[in-house]
Amino acid sequence: MQTLVIFCISILLVLVNSKIHILDSKITEIPVKSGSRLYFLTNGNEADLKQITVKAAGSNINSNAYSYSIPSIDGSLNPLQFSVADTVILTKPEGNQASLSIYHDGISQDLNVFPVFEKSLIQFKSGRNVFFQVDAPNGKIMTITNLKIDHQNDGFLRAYSGSPAQQNGEQANPLPYQFFNSELYDNVNFYQQLDLPIDTFTMDPISTGVSYTVGFGQATTTLQSAGLVMTSGFPYSMKQTDVTYNVNRVGNQDVSLTMNPLFNRYESYDTNIIVKFASGTEQGSSFPSGLNGKMVASSSINSVEISSIGSFAIQYHLNTTTTNLEATTNQPLITTTKSTNVIHSGISCFVLFIFNFI
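Owing to the predicted nature of the structure, the values given are computational and were not obtained by experimental measurement.

Visitor: Mind laying out the sheet that holds strand E8 (residues 86–91), listing which residues take part and the relevant values?
Guide: Spatial ordering of the open sheet is given by E3-E8-E5-E6, a layout of four strands whose pairing is antiparallel. Every interior strand has two partners, whereas the edge strands, strand E3 (27–32) and strand E6 (61–64), have only one. Taken pair by pair, the neighbouring strands of this sheet meet at an average axis angle of 15 degrees, ignoring direction. Across four bridges, strand E5 (residues 53–56) lies against E6 in antiparallel orientation. Residue Ala-56 lies in a different strand from E6, and its bridge partner there is Ile-61.

Visitor: Give a detailed account of the side chain of Thr-231, specifying residues and quantitative values.
Guide: Residue placement: Thr-231 occurs in the loop between strand E20 (226–230) and strand E21 (241–247). You can call Thr-231 buried: its relative accessible area is 6%. At 3.0 Å, the side chain of Thr-231 and the backbone nitrogen of Phe-312 are in polar contact. In this structure, Thr-231 is in contact with Pro-197, Ser-237, Thr-241, Gly-310, Ser-311 and Phe-312, ignoring residues within four places of it in sequence.

Visitor: Tell me about the side chain of Thr-258, and please be specific about residues and values.
Guide: Within the fold, Thr-258 resides in strand E22 (residues 255–263). Since its relative accessible area comes to 14%, Thr-258 is described here as buried. When sequence neighbours within four positions are dropped, the list of residues in contact with Thr-258 reads Tyr-185, Lys-294, Met-295, Val-296, Gln-315, Tyr-316 and His-317.

Visitor: Describe the sheet that holds strand E12 (residues 128–133), with residues and values.
Guide: Strand order across the open sheet formed by five strands is E10-E12-E17-E14-E15, with mixed pairing between neighbours. Each edge of the open sheet carries a strand with a single partner, namely strand E10 (111–116) and strand E15 (178–181). Strand-to-strand twist in this sheet, taken as the mean axis angle between neighbours without regard to direction, amounts to 20 degrees. Bridge analysis of strand E14 (residues 158–161) against strand E17 (residues 200–203) gives three bridges, and the strand direction is antiparallel. Across the sheet, residue Ala-159 finds its bridge partner in E17, namely Met-203.

Visitor: I'd like to hear about the packing of aromatic side chains, residue by residue, with values.
Guide: Geometrically, a pair of aromatic rings is defined through the distance of the ring centres and the angle of the planes. Taken as a whole, this structure holds 10 aromatic pairs when the rule is applied. Ring centres 4.7 Å apart and planes at 15 degrees place the aromatic pair Phe-131 and Phe-201 in the stacked group. With Phe-131 in strand E12 and Phe-201 in strand E17, the pair connects residues that are 70 residues apart, well separated along the chain. Both residues of the pair, Phe-131 and Phe-201, belong to the buried class. Members of the aromatic cluster, joined through ring pairs, are Tyr-39, Tyr-103 and Phe-132.

Visitor: Quick one: what's the story with the pattern of salt bridges, residue by residue and with numbers?
Guide: Counted under the stated rule, the structure contains nine salt bridges. The salt bridge partner of Lys-50 is Glu-46, with a shortest N-O separation of 2.7 Å. Taken together, the residues span about one helical turn, with Lys-50 and Glu-46 both in helix H1 (residues 46–50) at a distance of four residues. On the basis of relative accessibility, which here comes to 44%, the residue Lys-50 falls in the partly exposed class. Residue classification places Glu-46 among the partly exposed positions, given a relative accessible area of 37%. Residues Lys-125 and Asp-74 are paired through a salt bridge, measuring 2.8 Å at the closest nitrogen-oxygen approach. Residue Lys-125 is located in the loop between strand E11 (121–123) and E12, and its partner Asp-74 is located in the loop between E6 and strand E7 (80–81); the two are separated by 51 residues in the primary sequence. Each of Lys-276, Glu-282 and Glu-305 takes part in salt bridges that share partners, so that together they form one network.

Calculation notes
Residues numbered from 1 in each chain as written. Predicted model: local features only at pLDDT ≥ 70, side-chain atom pairs only at ≥ 80, totals over all residues. Heavy atoms only, no water. Pairing = 2+ DSSP bridges. Helix = DSSP H or I, 4+ residues; strand = E, 2+ residues; numbered from the N terminus. Axes fitted to C-alpha atoms, helices over the stretch in contact; angles between N-to-C directions. Buried < 20%, exposed > 50% of the residue type's maximum accessible area, 1.4 Å probe, protein only. Polar contact = N/O pair within 3.5 Å; in protein donor to acceptor, adjacent residues only side chain to side chain. Contact = heavy atoms within 4.5 Å. Phe/Tyr/Trp six-rings, centres within 6.5 Å; stacked < 30°, edge-to-face > 60°. Salt bridge = Lys/Arg side-chain N within 4 Å of Asp/Glu carboxyl O.

Structural data, given as structure tokens:
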């Protein structure tokens, strides 16, 4: 499914905790508790959304879906909140063309919910932030660009696939599918782009020592000093992926590369990473999905090949060892090309593979 809210014309999809419910297109009832919050996610037009009525007798609510679907200035949604137990009744006229989903949350503190549209440019906001893709622009994915981490001001960022309620039911933390942790590289303060070809992701509470832009962009074709690459639908997609990252060195310049891959631990598969050197030697290793891995390489690297039948998210840091390239550079070091090459084994003394048994 390309997006959470590009749905069949005749249905409403309502997200309640960890489930997606396909409900009647005319009348939908949503029971809510005291403290519940409903967030209306849609890219529907104003006329159709105003025809969808929203009523809750106990809370004296008599409005329409459009009233709750307009993001505030910072891009977040104002929720429909409840201080008493109630039943929300949504009525959609027959033939109405609007697509709509409703995110139902009552467990997360300091929650900000952002629908991401094709032209969205969402900036930092304090608190736990959840991002939902509501558009499906052709050839584009959600991205976090120009991510700055000020470690001296306690800046950090952890990111997870899915929403808090989707992952652990009544738990506020959306574990176990963390795909990014800025604390992995405490010497990196700038990430050019995190690729996020997924429908929903969550960022944990972060300090004011962080800034970023969330929106739609093209999948990474040039890996620079630091960033993230990910298979679409992480961590649930299971399909063959073969990709090659070519390292653009200057002369005999050496580079240092660190890669921290994450996998779907509940599926059994291997992900092969091959590092190839200018000398013609290469070093390969196979990472089992049950473990988080770490790869460190430092020498005249020509390319890195990744092949997997399952999903992966790889946080990386790359710099030159000969010129001490700063992490904030805009000079591209790696370009991405598709590869269908067979993975070969080889020997090189310049690569160290480490498995973290977690």
